[in-house]
Amino acid sequence: MQTTFTPEQLDDPATRESEKILRTCVHCGFCTATCPTYLLLGDELDSPRGRIYLIKDMLENSRPATPEVVKHIDRCLSCLSCMTTCPSGVHYMHLVDHARAYIEQTYERPKHDRALRALLARVLPHRNRLRLALLAAKVGKPFSGLFGAIPLAGDRLRAMLDLAPGQLQARSPIERPGVHPAQGARRGRVALLNGCAQPVLDPGINEATVRLLNRHGVEVVVPRGEGCCGALVHHMGQESQAHGFAKANIDAWTREIEGEGLDAIIITTSGCGTTIKDYGFMLREDSAYAEKARRVSELAKDVSEYLLTLDLAPRREADMTVAYHAACSIQHGQGIKDDPKLVLRRLGYTVKDIPEGHICCGSAGVYNILQPEIAGQLRERKVANIERVRGAQVLATGNIGCMTQIARGFRDRGSSLPIVHLAELADWATGGPMPRALEEAGFDERPMLEPVRVAAE
Ligand code: SF4
Ligand code: SF4
């Protein structure tokens, strides 16, 4: 695609990068076929190609964002399905991230929209504030219908209440900074990201991950000072806040890297993984952080990637059929297609793909709160596709956002299929306790495998 930026415009590093990306697009439109919003809305401006044109026009003319541009960019899930499909390697993620930051700087949103975004940005990335908000949501949940009737912001408030879990779980000791030693000889040392929402919504995921890694000889450190990866505010265009979160994490992990050393930074929420793997790009112009950020991004690993480097030892019968939901952030954001399924298969599970697996479930960070209607349609479509998987006894995935979104869809459809994180299934199959969701669904404990005996000579 030809561009007409002036040399002055290209002095800005973000515009320079976007111009490079724009030039790689050849308008072929292949990406429209796999874009969830184009699929649902059928409007070219709600397709990747249409959004690319809108962004090009806005940036080339150095024009403040218009309500029309904001509408179509806000509707984008940042699911990155278009990046997987694009034959020309257009880096849509960096382009839309720039557009969101540009919108934030040049467009004044209506008051109710600003208020909701400010609330989400101040609460969600902080575990203690989120806990308090969930307690309040528990009180408001029975009245979500009434909230829904509030003009302008009602549907979003209702979506927020409907997504909140009915029960708040106890704080896990894994949340505290500390070191969890390896069992037996130490074969590796990793940092584990606690982040923000996941330990509040489902602390069992990281508890299972620590047990699993320790059991396989890996020491796990939770460094002081780590927290939200910044993805939630990043996707709302709040660049400086996102960089603040990124720098806090980089500082925390750098102390470990330069201290006892780290083999990897393990991430159990793939949405966070996509962002942390991009820290090197996000902070490329920051002379104090560019190198440290690059090193952190290189060490960042989804838990499934790291598990495949270990000699996983099954200790329990895993005769169970698992429907595997690939979060967009793992398959499109990180380009990881098979690792989670390979982990489960190596441990004995039967793994089945979900039809239309490349289409987003509608979670997408805070998208399901900010765009509840489109998110609701995608959720229903995803749940209907999961129901088409024959013989599935459990749904496994690696992203808390998808787990929460799909759980809401299951509640609506009266489905009792338990939802677990793949690390919980891996922990269970290697000798850990049964995942809470399976216990609550009344599953029987599976027998332990006979230990392999080496015959005496
Ligand atoms: S598939 Fe790639 S090159 Fe083709 S229109 Fe979409 S973004 Fe542009
Ligand atoms: S990121 Fe997803 S929703 Fe946005 S344009 Fe690409 S495919 Fe469509």
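Residues numbered from 1 in each chain as written. Chains lettered and ligands numbered in written order. Predicted model: local features only at pLDDT ≥ 70, side-chain atom pairs only at ≥ 80, totals over all residues.

**As for the overall build of the protein chain**
Per the secondary structure count, the protein chain includes 25 helices and 9 strands. The C-alpha atoms of the protein chain give 22 Å as radius of gyration, which agrees with the globular expectation for 457 residues (23 Å, within 12%). Considering the protein chain as a whole, with its 457 residues, one finds that 48% of them fall into the buried category. Residue pairs in contact within the protein chain that sit at least 24 positions apart in sequence constitute 76% of those at least 6 positions apart. (Helix = DSSP H or I, 4+ residues; strand = E, 2+ residues; numbered from the N terminus. Rg over C-alpha atoms; globule rule 2.2 N^0.38 Å. Buried ≥ 20, exposed ≤ 12 C-beta atoms within 10 Å, placed from the backbone. Contact = placed C-beta atoms within 7 Å.)

**Description of the site of ligand 2**
Residues in close proximity to ligand 2 total 13 residues, the closest being Cys35, Pro48, Cys76, Cys79 and Cys82. Among the secondary structure elements, those contributing two or more residues to the shell around ligand 2 are helix H2 (36-41), helix H3 (48-60) and helix H5 (81-85). (Near = placed C-beta within 6 Å.)

**Concerning the environment of Gly362**
Locating Gly362 in the fold gives a position in the loop between strand S7 (350-353) and helix H21 (367-370). Residues Gly362 and Leu77, spaced 285 residues apart in sequence, show a C-alpha to C-alpha distance of 7.4 Å. Not counting residues within four places of it along the chain, the set of residues in contact with Gly362 comprises Tyr367, Asn368, Ile374, Ala375, Gly376, Leu378, Arg379 and Gln405.

**With respect to the sheet that holds strand S4 (residues 264-267)**
Pairing in this open sheet of 5 strands is mixed, and the strands run S1-S3-S2-S4-S5 from one edge to the other. Of all strands in the sheet, those with a lone pairing partner are strand S1 (178-180) and strand S5 (300-302), marking the two edges. Each strand of the sheet is rotated relative to its neighbour by a mean of 35°, with strand direction disregarded. Taken together, the 3 bridges between S1 and strand S3 (residues 218-222) define a ladder with antiparallel strand orientation. Bridge assignment links His180 to a residue of S3, and that residue is Val220. On the sheet, helix H12 (residues 204-215) packs against S1, strand S2 (188-192), S3 and S4 and is oriented at approximately 145° with respect to S3. (Pairing = 2+ DSSP bridges. Axes fitted to C-alpha atoms, helices over the stretch in contact; angles between N-to-C directions.)

**Quick word on the site of ligand 1**
Around ligand 1 sit 14 residues in total, of which Cys25, Cys28, Cys31, Cys86 and Val90 are the nearest. Taken together, the elements giving at least two residues each to the shell around ligand 1 come down to H3 and H5. Partitioned by chemical class, the residues of the shell around ligand 1 number 9 nonpolar, 4 polar and 1 charged. (Nonpolar A, V, L, I, M, F, W, Y, C, P; charged D, E, K, R; others polar.)

**Thoughts on the domain arrangement of the protein chain**
Parsing the protein chain into structural domains produces domain 1 (9-106), domain 2 (111-163), domain 3 (173-307) and domain 4 (321-440). Between domain 1 and domain 2, the C-alpha centre-to-centre distance is 29 Å. (Domains from an automatic or database assignment.)

**Topic: the nonpolar core**
In terms of nonpolar packing, the biggest core is built from 133 residues, with Val190, Ile265, Ile266, Val322 and Leu425 touching the most fellow members. Not counting the four nearest positions on each side in its chain, Ile265 is found in contact with Val190, Ala191, Leu193, Trp253, Ile276, Val296, Leu299, Ala300 and Lys301. (Core = buried A, V, L, I, M, F, W, Y, C linked by C-beta atoms within 7 Å.)

**Regarding helix H14 (residues 239-258)**
With 20 residues, H14 ought to run about 28 Å at 1.5 Å a step, and its terminal C-alpha atoms sit 28 Å apart, in line with that. Residues of H14 that are buried: Glu239, Ala242, His243, Phe245, Ala246, Asn249, Ile250, Ala252, Trp253 and Glu256. (Expected span 1.5 Å × (residues − 1).)

**Considering helix H6 (residues 92-106)**
Taking 1.5 Å per residue as the helical rise, H6 with its 15 residues ought to reach 21 Å, and the 21 Å between its terminal C-alpha atoms agrees with that figure. Restricting attention to buried positions, one finds in H6 the residues Tyr92, Leu95, Val96, Asp97, His98, Ala99, Arg100, Tyr102 and Ile103. Packed against the buried residues of H6 are helix H1 (13-24), H3, helix H4 (67-74), H5 and helix H13 (231-234).

**Let's talk about the pairing of S3**
Burial runs high along S3: 4 of the 5 residues are buried. Bridging between S2 and S3 involves 4 bridges; their strand directions are parallel. In the strand pairing of S3, Val190 is matched with Val220.

**Regarding the sheet that holds strand S6 (residues 321-324)**
The 4 strands are arranged S7-S6-S8-S9 in an open sheet whose pairing can be described as parallel. If you trace the sheet from one side to the other, it starts and ends with S7 and strand S9 (419-421), each paired once. Between one strand and the next, the sheet's axes are offset by a mean angle of 35°, whatever the strand orientation. Pairing between S6 and strand S8 (residues 394-397): 3 bridges, direction parallel. Across the sheet, Val322 pairs through a bridge with Val394, a residue of S8. Of the strands in this sheet, S6, S8 and S9 touch helix H24 (residues 422-429), which is tilted by about 75° from S9.

**With respect to the environment of Asp311**
Structurally, the position occupied by Asp311 is in the loop between helix H18 (303-307) and S6. We classify Asp311 as exposed; it has 8 C-beta atoms within 10 Å. Residues Asp311 and Lys352 lie 41 residues apart in sequence; the distance between their C-alpha atoms is 23 Å.

**Considerations on the packing of H12 against H24**
Taken N-terminus to C-terminus, the directions of H12 and H24 make an angle of 40°; their axes are 8 Å apart at the nearest point. Relative to H24, H12 is oriented oblique. The element H12 and its partner H24 pack so that their crossing is left-handed. On H24, the residues touching Gly204, Ile205, Ala208, Thr209, Arg211 and Leu212 of H12 are Ala423, Glu424, Ala426 and Asp427. (Parallel < 35°, antiparallel > 145°, perpendicular 65-115°, else oblique. Left-handed = near helix turned anticlockwise from the far one by under 90°.)

**Some points on the pairing of S6**
In this structure, S6 lies alongside S7, joined through 4 bridges in parallel fashion. Among the inter-strand pairings, Thr321 is bridged to a residue of S7, identified as Thr350.

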